[in-house]
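Inside the fold
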Amino acid sequence: MTEHANTEEQSDILTVAKASRNNLMISALAGTGKTSTLELLERAVPRGPILYLVFNKKNADEAAKRMLSTTTVRTFNSMGHRIWSTGRTIRLDPRKTNAILRDIIDNAPKDYRDTLWGVYYEVLGGVGLAKALGYIPEGLHPNAKRLISRPQLHKAMEERPDDLTADLIDTVLQRSIKQAYEGLIDYNDQIYMPALFGGAYPQFPLVLVDEYQDLSPVNHALLKKLVRGRLIGVGDPWQNIYGFRGASAGGIEEAKETYSCEALPLSISFRCPSAIVRNVHWHVPHFKWFTEGGQVERPISLRVDDIADDTTIICRNNAPLLSMAFRLLGAGRSISIAGSEIGPRIIGIMKKLGPETLRRDGVLASIKEWEADRLEKESKTASDMAACMRIFALQGKDLSGAMAYAKHIFDQRGSILLTTGHKAKGLEWPNVIHLDPWLVRKEPTAQNKTLDYMISNRS
């Protein structure tokens, strides 16, 4: 495609933005210049206070350097923090939920503590999801804006919680809400509290929202209170991959109806050359390119010696990445595994499989029992986690050795990056390998199709 074709898309958006005060929703595909379009929009609309909402601090810092002085750039978290802190002295503790849960466990009867530690990670995950989806325990704060019920929260969780886990989630939330009113919050509270419990909301004639497809229900609730004039949202409806974390499926389509948005496209990618774009036409046939070139290969086998040092390996699941990590280390290559939470979680589960002297066969048997128990609770990730643990079990003679191998792998800091598709969102690299693509293609669900598309346009 030519530069003129892409300029026409941007020109159409600017023309519509200047000609009316309608709300707009721009469907911007991967690498299509959405940030530069937002900058053009900011200068095209009538001059005045503008709020520009983004998801992470890095993007906010970059945008603040480019935007006009009349534009306030905020992350959703920083905006919520300011709203909730009006009239309060606020202290931020990222590990607030952990501290609440640990205090509950430490004060429980001694012979009951092991049982509580056994559901530690499930409770932490449930509390985080509750704050993203807008759950408030029944009977509490009747004037707050409750978005979902208890059964709806349990259905959305990674696995169906038992009564103990469900009650612990409610107890932690009760204490967390009380502490937030007293001034102690965590990152989730920055949005959860003002969105559901209120606060002093500033007014802006125009609100710009980036990555609209990633908004969770509490993000949407916060936004509704901020939009008192015009809304212009930008997002890629084909990159909505955070449903497991609370992002609303179909959020862009809902916004068109909620805010009566006029829909406009940005479909020509500056980042992805022609070969990369053609490779995802099966999912997004109207995707176009600005530059010819690129290369897509489908090798029958993957030799570690052929993997360049600046390569990023992306997979849907963790277990294939760990197997590849061992292969690379065995060949003398240096690696890094993205994400800080998966390692401690796997090691934490392994510690409960038995004594550290438990021999390999016993470890494998315990992993099988753990997986069966989690699958009975309808866990969505148990099979992948069990596969990860088996990889480590096969490396060590006993449980102690298996956990040592796990720690060794996750401590690596090298040149070849291994990451899941969900952690690769919003990033790009010159060389990308989609490892075991059949994992997202064997079940053609909407989320898998979207994840396949997203992984395939990271370069």
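Residues numbered from 1 in each chain as written. Predicted model: local features only at pLDDT ≥ 70, side-chain atom pairs only at ≥ 80, totals over all residues. Heavy atoms only, no water.

**Describing the overall build of the chain**
The criterion, for reference: Helix numbers and strand numbers start at the N terminus; a helix is a DSSP run of H or I with at least 4 residues, a strand a run of E with at least 2. Within these notes, the globule rule equals 2.2 Å times the number of residues to the 0.38 power, and the radius of gyration is based on C-alpha atoms. In this analysis, two residues are considered to be in contact whenever any of their non-hydrogen atoms come within 4.5 Å of each other. All accessible areas in this document rest on Shrake-Rupley with a 1.4 Å probe, and a residue is counted as covered only by the protein chains that are shown.
Of the regular secondary structure elements, the chain holds 20 helices and 14 strands. Taking 2.2 N^0.38 as the reference for a compact globule, 459 residues should give roughly 23 Å; the C-alpha atoms of the chain span a radius of gyration of 24 Å, in line with that estimate. Projecting the C-alpha coordinates of the chain onto the three principal axes gives extents of approximately 75 × 60 × 35 Å. By sequence separation, contacts in the chain at least 24 residues apart represent 73% of the contacts at least 6 residues apart. About 21,300 Å² of surface is accessible on the chain, with carbon and sulfur atoms providing 51% of the total.

**Considerations on the layout of surface pockets**
Short version of the rule: Points on a 1 Å grid, built from protein atoms alone, make a cavity when a 1.4 Å probe fits but cannot get out and make a pocket when they are open with protein on both sides within 12 Å along at least 5 of 7 lines; residues with an atom within 4 Å of a point are the lining residues. Grid points are joined across faces, edges and corners, and a volume is the space filled by probe spheres set on the points. Lys, Arg, Asp and Glu make up the charged group, whereas Ala, Val, Leu, Ile, Met, Phe, Trp, Tyr, Cys and Pro make up the nonpolar group; the residues left over, Gly among them, are polar.
By volume, the second largest pocket is sized at about 1,000 Å³. What lines the second largest pocket is a set of 29 residues, and nearest its centre among them are Glu297, Pro299, Val432, Ile433 and His434. Contributions of two or more residues to the lining of the second largest pocket are made by strand S14 (431–434) and helix H20 (446–456). Residue classes in the lining of the second largest pocket are distributed as 14 nonpolar, nine polar and six charged.

**Quick notes on the confidence of the model for the chain**
Quick reminder of the rule: Values of pLDDT, ranging from 0 to 100, describe the predictor's confidence in every residue of the model.
The pLDDT averaged across the chain works out to 90; a share of 96% of its residues lies at or above 70. Across the chain, strand S5 (residues 184–185) holds the top mean pLDDT of 98, while helix H1 (residues 3–19) sits lowest at 77. Ignoring residues within four places in sequence, the model shows residues 1–6, a span with pLDDT below 50, making nine contacts including any to other chains.

**Examining the sheet that holds strand S11 (residues 311–315)**
As a reminder of what qualifies: Strand pairing is assigned whenever DSSP detects at least two bridges linking the two strands. Note on geometry: axes are lines fitted to C-alpha atoms, helical ones only across the stretch in contact, with angles between N-to-C directions running from 0 to 180 degrees.
Pairing in this open sheet of four strands is parallel, and the strands run S12-S13-S11-S14 from one edge to the other. The open sheet has two edge strands, strand S12 (335–337) and S14, and neither has a second partner. Sheet twist, expressed as the average angle between the axes of neighbouring strands with direction ignored, equals 20°. Relative to strand S13 (residues 416–420), S12 is paired through three bridges, and the arrangement is parallel. Among the inter-strand pairings, serine 336 is bridged to a residue of S13, identified as leucine 417. Across the face of the sheet, helix H14 (residues 318–330) comes into contact with S11, S12 and S13 while running at roughly 165° to S13.

**What to know about unusual backbone geometry**
What counts is decided by this rule: Per-residue accessibility, obtained with a 1.4 Å probe over protein chains only, is compared with the maximum for each type, and a residue is labelled buried under 20%, exposed over 50%, and partly exposed between these values.
Even without being glycine, serine 260 reaches a positive phi, approximately 50°. When you line up the elements, serine 260 lands in the loop between helix H12 (251–258) and strand S8 (262–266). Owing to a relative accessible area of 60%, serine 260 belongs among the exposed residues under this scheme. A positive phi angle, close to 50°, is found at aspartate 436, a residue other than glycine. Structurally, aspartate 436 can be placed in the loop between S14 and helix H19 (438–441). For aspartate 436, a relative accessible area of 28% gives the class partly exposed.

**Comments concerning the packing of aromatic side chains**
How two aromatic rings sit relative to each other is set out by the distance from centre to centre and by the angle between their planes. Threshold: Aromatic contacts are taken between Phe, Tyr and Trp rings whose centres are within 6.5 Å, Trp giving its six-membered ring; a plane angle under 30 degrees counts as stacked, one over 60 as edge-to-face, and the others as tilted. We count a charge as sitting over a ring when the NZ of a lysine or the CZ of an arginine lies within 6 Å of the ring centre and within 35 degrees of the ring normal.
One pass over the full model with this rule turns up eleven aromatic pairs. Aromatic side chains tryptophan 84 and tyrosine 181 sit 5.3 Å apart centroid to centroid with 70° between the ring planes, which places their arrangement in the edge-to-face category. Of the two residues, tryptophan 84 is situated in helix H4 (residues 76–85) and tyrosine 181 in helix H9 (residues 163–182); the sequence distance between them amounts to 97 residues. Summarising the aromatic geometry, the rings of tyrosine 181 and phenylalanine 197 are spaced 6.0 Å apart at their centres and angled 85° between planes, so their arrangement reads as edge-to-face. Of this pair, tyrosine 181 sits in helix H9 while phenylalanine 197 sits in helix H10 (residues 189–197), placing them 16 residues apart in sequence. For tyrosine 181, a relative accessible area of 38% puts it in the partly exposed group. An aromatic cluster is built from Trp84, Tyr181, Tyr192 and Phe197, whose rings are joined through pairwise contacts. Of note, arginine 88 hangs over the ring of tryptophan 84, and the distance from its end group to the ring centre comes to 3.7 Å.

**Here we look at the environment of glutamate 182**
Positionally, glutamate 182 belongs in helix H9. With 162 residues separating them in the primary sequence, glutamate 182 and serine 20 have C-alpha atoms 45 Å apart.

**Points about the nonpolar core**
The test is simple: Side-chain atoms within 4.5 Å are what join buried Ala, Val, Leu, Ile, Met, Phe, Trp, Tyr and Cys residues into a set we call a nonpolar core.
If you look at the biggest cluster of nonpolar residues, it comprises 57 residues, and the most contacted ones within it are Tyr212 and Leu223. Here the element with the most residues in this core is helix H7 (residues 120–133); it accounts for seven residues. Leave out the neighbours within four places in its chain, and tyrosine 212 touches Met25, His220, Leu223, Leu231, Gly233, Val234, Gly235, Gly251, Ile252, Ala255 and Tyr259. Counting 42 residues, the second largest nonpolar core, distinct from the first, contains Ile342, Trp370, Ala386 and Leu439.

**Details of the pairing of strand S6 (residues 204–209)**
Most of S6 sits out of view: five of its six residues are buried. As defined by bridge partners, S6 adjoins strand S7 (residues 227–235) across five bridges and the pair is classed as parallel. Bridge pairing in S7 places valine 207 opposite leucine 231.

**Observations regarding the pattern of salt bridges**
For clarity, the threshold we go by: Note on definitions: salt bridges are taken to be side-chain nitrogens of Lys or Arg within 4 Å of carboxyl oxygens of Asp or Glu.
Per the counting criterion, the structure on display carries 26 salt bridges. Glutamate 39 is the partner of arginine 66 in a salt bridge, and the nearest nitrogen-oxygen pair spans 2.3 Å. Remark: glutamate 39 occurs in helix H2 (residues 34–44) and arginine 66 occurs in helix H3 (residues 57–66); sequence separation between them is 27 residues. On the basis of relative accessibility, which here comes to 18%, the residue glutamate 39 falls in the buried class. Between glutamate 159 and arginine 374 there is a salt bridge; the shortest N-O distance is 3.4 Å. Highlighted residues: glutamate 159 in the loop between helix H8 (150–156) and H9 and arginine 374 in helix H16 (residues 360–376), separated in sequence by 215 residues. Accessibility assignment for this pair places glutamate 159 and arginine 374 in one class, buried.

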